[in-house]
Protein chains: 2
Amino acid sequence: MISSDLTRRLFVKDRGTKILLVVIDGLGGLPHPETGRSELETAALPNLDALATTSSCGLLSPLGPGLTPGSGPAHLALFGYDPWNNEIGRGALSALGLGLDFKVGDVAARLNFCTVDENGLIVDRRAGRIPTEKNAELCKILAQIRIPEVEIILASEMEYRAAAVFRGQGLADQVTDSDPQLTGVPPRHLEAHRRESERMVDVANDFLVQAKRMLAKEAPANMVLIRGFGGYPVLPQMADVYGLAALGIAGYPMYRGVAAAVGMETVVCDADIEAECRVLEANFADYDFFFLHIKKTDSAGEDGDFELKVRLLEEIDKYIPRFRDLRSDVLIVTGDHSTPSRMGSHSWHPVPLVLSSDWGIADETAKFSERGCRGGAIGTIPSTDLMALALAHADRLDKFGA
Amino acid sequence: MISSDLTRRLFVKDRGTKILLVVIDGLGGLPHPETGRSELETAALPNLDALATTSSCGLLSPLGPGLTPGSGPAHLALFGYDPWNNEIGRGALSALGLGLDFKVGDVAARLNFCTVDENGLIVDRRAGRIPTEKNAELCKILAQIRIPEVEIILASEMEYRAAAVFRGQGLADQVTDSDPQLTGVPPRHLEAHRRESERMVDVANDFLVQAKRMLAKEAPANMVLIRGFGGYPVLPQMADVYGLAALGIAGYPMYRGVAAAVGMETVVCDADIEAECRVLEANFADYDFFFLHIKKTDSAGEDGDFELKVRLLEEIDKYIPRFRDLRSDVLIVTGDHSTPSRMGSHSWHPVPLVLSSDWGIADETAKFSERGCRGGAIGTIPSTDLMALALAHADRLDKFGA
């Protein structure tokens, strides 16, 4: 992986070239047991396949063989940041993405509305994916929670997801999640990974007790799970390490959050490829680097819906000509990680990558799929190497040494 | 990358096996926009292709995806040295390669004769590639420069290139170049990267002022650019880290310089493959390891001359039988980096590699090209891994652990 010190030294300013990075969340899949073809191999993707044949192809490995990333590390790696030494709590990403008042010293956390039965066992970790409007109502109820000497900022996100920022003396992150990632069990007790986090555990427990009482009469969202505690992230900014004026376009707040954390400007828009594409087109003249995030493929994979993921990929394919029409100097289409429908979860499998520029070796026989990108010019590389490759193809990196 | 501590521990002495490493400078290219075929794919290379089908093939990545090396780092990587932590100024490489009196405490720099207009703006950074004889005359003129308490050793190199060694109290490297790498602009002001280098900046500025006056009446070489300041490099020696008696054969002084820096003996010869091949044949009995450097392909690539690079590759191909006739235990043909004619500069793209020994898996369908070596037995590996592979194929590395 290129270090930020190195890119600071090698990047060339003001080249006027543009890089468009389209990230299809949870892109990679696995073969369907009946057909032997993955979601990508099943979908009809004429535009993505055509792009692949004129691009350099390869696979991105988010964290290395066997290691499955969460969304935060997967995106940090794509942006060229060491995902192991730059952990951002999911809550911090949500708070950033929602544009909450979030500062150094605060701790943010994700809240997931859920359904529990009369014994307090979790029946649905997502409360049937309640509508965002219902979420907003429930957040207003939770805004009545009072904890001495602690300020709480709440905001609804999408569907069952909300975020909280806790502000007060002596709060620190590195607290475990109450979400057990399972149903049929009660929420987990929170634990502090370090002594400085003990007060945060007490505050969060107080919050959960009050929330349970306030939500008891609601259905299906009669409880809340808390997870992803994170302090305010302090990361090198893309303008400094790459010399790029960057715009992050993502309907889902968490992805705006990770974009904001590395110094991209962000635009609030619908979580919809058409809306995102319009934002891209409207702002194309004003930035050097564009991160466009497409979420729904990952949700379909997580829900185990092979057919839906195939349909969503086919819908995305229709937008490829619009992306190409912008004539960015470098166009990259890839994913942050795999989310095979058969697994119903993120996975470690490398994800397809196509990179189109004037300076590549075209893989004339490639297809946009796990197997179809495998033998390409780029090979299988760590996600963290992508930014150096993008900068090089945009003529934005100097050579090293004489 | 294998560390020098590890090879010191694992190498096996006196095996009597021989390794021949042929480095074709700037070997890799990119497809021609009209034919879709690279320089290597366009050239008729019967001998290299035949070698590939009986060799293990792969690609070498000099510095990793997207990162373009200069000649120094590219060769250090080929010789198994960490290119990031062993920077050698180009001037130091030139001084070593020219066999100048160059010692610890001295600072060497490259001088490039150039053409400036009446306003001092650079018109040609290479003064029309003046003949080496003219260069020698101009160096005699510059030998009249006097700077109090500083000894200056000057030597002409090839075409427009010369080298200077500065000797005196308080001189240090880490000074920026005056060469702006552009035409239509004036030379850059020199800057010290650290306080210890400030006297070197003063001395070099004094040198440039006097040089400008002395060269004012010359044409086309009426000025000199200074670059690549470097102190005497102190690197582990190949005899110690690999147990190899090594010979570096390179017509161009800079490549003898990098060979000398890692402890190879070097022989001065013409920058001509025939001359280099004769030196190789004459000395084959007396060393274990041979580095033979072929320069002209890189120059053709840098000049953007696709056809010339193709012809030069075809000329090199004719020498492959003579290399094979020597029956080295390991024969490697590769490049230090790519220099695609279409880019007219070094690039980051991986370069073809063939390695022939008794212990390889032959890639029977390979071709000696960027795409033809891609699927081979070796895969895409960092250049820094090559030496361990060469030693292993020469039966010169012990196993690690019991």
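Residues numbered from 1 in each chain as written. Chains lettered and ligands numbered in written order. Predicted model: local features only at pLDDT ≥ 70, side-chain atom pairs only at ≥ 80, totals over all residues. Heavy atoms only, no water.

Thoughts on the pattern of salt bridges
Residues and elements named next belong to chain B. The full count for this structure, using the stated rule, is 40 salt bridges over all chains. Across the salt bridge formed by Lys309 and Glu39, the nearest N and O atoms sit 3.9 Å from each other. Of this pair, Lys309 sits in helix 12 (residues 306-317) while Glu39 sits in helix 2 (residues 39-42), placing them 270 residues apart in sequence. Accessibility classification places Lys309 together with Glu39 in one group, the buried group. (Salt bridge = Lys/Arg side-chain N within 4 Å of Asp/Glu carboxyl O. Helix = DSSP H or I, 4+ residues; strand = E, 2+ residues; numbered from the N terminus. Buried < 20%, exposed > 50% of the residue type's maximum accessible area, 1.4 Å probe, protein only.)

Thoughts on the relation of the copies chain B and chain A
Of the two same-sequence chains, chain B is brought onto chain A (RMSD 0.2 Å, axial shift 0.2 Å) by a rotation of 123 degrees. The operation mapping one copy onto its partner corresponds to a three-fold rotation axis. Identified as the residue of chain B closest to the rotation axis by C-alpha distance is Gly375 of chain B, at 4.1 Å. (Least-squares fit on C-alpha atoms with pLDDT ≥ 70 in both.)

Considering the interface of chain B and chain A
On the chain A side, the residues contacting the 26 residues of chain B number 26 residues. For the pair chain B and chain A, the summed buried surface comes to about 2000 Å²; carbon and sulfur atoms form 62% of the total. Where chain B meets chain A, there are 2 salt bridges. The partner of Glu364 of chain A in a salt bridge is Arg371 of chain B, and the shortest N-O contact between them spans 3.9 Å. For the interface between chain B and chain A, the tally reads 7 residue pairs in polar contact (both at pLDDT 80 or more). The leading source of residues in the side of chain B that touches chain A is helix 4 (residues 71-78) of chain B, at 3 residues. (Contact = heavy atoms within 4.5 Å. Buried area = accessible area lost by both parts, 1.4 Å probe. Polar contact = N/O pair within 3.5 Å; in protein donor to acceptor, adjacent residues only side chain to side chain.)

Comments concerning the nonpolar core
The biggest cluster of nonpolar side chains holds 60 residues, and the ones touching the most others in it are Phe79, Tyr81, Met238, Met264 and Phe289 of chain A. For this core, the element with the highest residue contribution is helix 14 (residues 386-393) of chain A, accounting for 7 residues. In this structure Phe79 of chain A touches Leu21, Tyr242, Val258, Ala259, Val262, Met264, Phe291 and Met387 of chain A, once residues within four positions along its chain are discounted. In this structure, Phe79, Phe102, Leu353 and Leu355 of chain B belong to the second largest nonpolar core, which totals 49 residues. (Core = buried A, V, L, I, M, F, W, Y, C linked by side-chain atoms within 4.5 Å.)

Examining the confidence of the model for chain A
For chain A, mean pLDDT is 94; residues scoring 70 or higher make up 99% of the total. Here the complex is predicted with pTM 0.86, and the ipTM for its interfaces comes to 0.84. (pLDDT = per-residue confidence, 0-100.)

Considering the sheet that holds strand 2 (residues 56-61) of chain B
All names here are of chain B. Sheet architecture is open: 8 strands sit in the order 9-8-10-1-11-12-2-13, paired in mixed fashion. Edge positions in the sheet fall to strand 9 (265-267) and strand 13 (379-382), since each of these pairs with one other strand and no more. Adjacent strand axes in the sheet meet at a mean angle of 25 degrees, parallel and antiparallel pairs treated alike. Sheet contacts for helix 9 (residues 253-261): strand 8 (246-250), strand 9 and strand 10 (289-294); angle to strand 9, the most-contacted strand, approximately 160 degrees. (Pairing = 2+ DSSP bridges. Axes fitted to C-alpha atoms, helices over the stretch in contact; angles between N-to-C directions.)

Structural notes on the packing of aromatic side chains
All names here are of chain A. The tally for this structure, following the rule as stated, stands at 12 aromatic pairs over all chains. Seen from their ring centres, Tyr287 and Phe290 are 6.2 Å apart, and the 80 degrees between their planes marks the pair as edge-to-face. Overall, Tyr287 belongs to the buried group, its relative accessible area being 12%. We classify Phe290 as buried; its relative accessible area is 0%. Each member of the aromatic cluster is reached from another via a ring pair, and the members are Phe284, Tyr287 and Phe290. Sitting over the ring of Tyr252, Lys295 keeps its end group 5.7 Å from the ring centre. (Phe/Tyr/Trp six-rings, centres within 6.5 Å; stacked < 30°, edge-to-face > 60°. Lys NZ or Arg CZ within 6 Å of the ring centre and 35° of its normal.)

With respect to the sheet that holds strand 11 (residues 330-334) of chain A
All names here are of chain A. Strand order in the open sheet formed by 8 strands is 9-8-10-1-11-12-2-13, with mixed pairing between adjacent strands. Since the sheet does not close on itself, it has two edges, and those belong to strand 9 (265-267) and strand 13 (379-382), each with one partner. Direction aside, neighbouring strands of the sheet carry axes that sit 20 degrees apart on average. In this structure, strand 2 (residues 56-61) lies alongside strand 13, joined through 4 bridges in parallel fashion.

Notes on the pairing of strand 1 (residues 19-24) of chain B
Residues and elements named next belong to chain B. Along strand 1, 6 of the 6 residues are buried, which leaves the element largely enclosed by surrounding structure. Pairing between strand 1 and strand 10: 6 bridges, direction parallel. Opposite Val23, over in strand 10, you have His293 as the bridge partner. Bridge count for strand 1 against strand 11 (residues 330-334) is 5 bridges, and the pairing is parallel. Bridge pairing links Leu21 to Ile332 in strand 11.

What to know about the environment of His193 of chain B
All names here are of chain B. By the element assignment, His193 lies in the loop between strand 6 (161-167) and helix 7 (198-215). Along the sequence, His193 and Val262 sit 69 residues apart, while their C-alpha atoms lie 26 Å from each other. Apart from the residues within four sequence positions on either side, His193 is in contact with Gln174, Val175 and Thr176.

Considering the packing of helix 6 (residues 132-142) of chain B against helix 7 of chain B
Residues and elements named next belong to chain B. Between helix 6 and helix 7, whose axes approach to 10 Å, the crossing angle comes to 120 degrees. Judged by the inter-axis angle, helix 6 sits oblique to helix 7. Of the two elements, helix 6 crosses helix 7, and the hand of that crossing is right-handed. Contact with helix 6, carried on its side by Leu138, Ile141 and Leu142, involves Phe207, Ala211, Met214 and Leu215 of helix 7 and no other residues of that element. Its residues assigned to classes, the contact of helix 6 with helix 7 comprises 7 nonpolar, no polar and no charged. (Parallel < 35°, antiparallel > 145°, perpendicular 65-115°, else oblique. Left-handed = near helix turned anticlockwise from the far one by under 90°. Nonpolar A, V, L, I, M, F, W, Y, C, P; charged D, E, K, R; others polar.)

Quick notes on the side chain of Thr115 of chain A
All names here are of chain A. Looking at where Thr115 falls in the secondary structure, it is placed in strand 3 (residues 107-116). You can call Thr115 buried: its relative accessible area is 15%. Residues in contact with Thr115, not counting those within four places in the same chain, are Leu121, Ile122, Val123, Asp124, Ala127, Pro220, Ala221 and Asn222.

Re unusual backbone geometry
When glycine is set aside, most residues are seen to have a negative phi, and most peptide bonds are trans. Cis geometry marks the peptide bond from Ala219 of chain A to Pro220 of chain A; its omega dihedral reads 0 degrees. Structurally, Pro220 of chain A can be placed in the loop between helix 7 (198-215) and strand 7 (223-231). A positive phi is found at Ala127 of chain B, a non-glycine position, where the angle reads about 45 degrees. Position of Ala127 of chain B relative to the elements: it lies in the loop between strand 4 (122-124) and helix 6. The class for Ala127 of chain B is buried, based on a relative accessible area of 0%. Even without a glycine there, the phi angle at Gln181 of chain B is positive, about 65 degrees. One can find Gln181 of chain B in the loop between strand 6 and helix 7.

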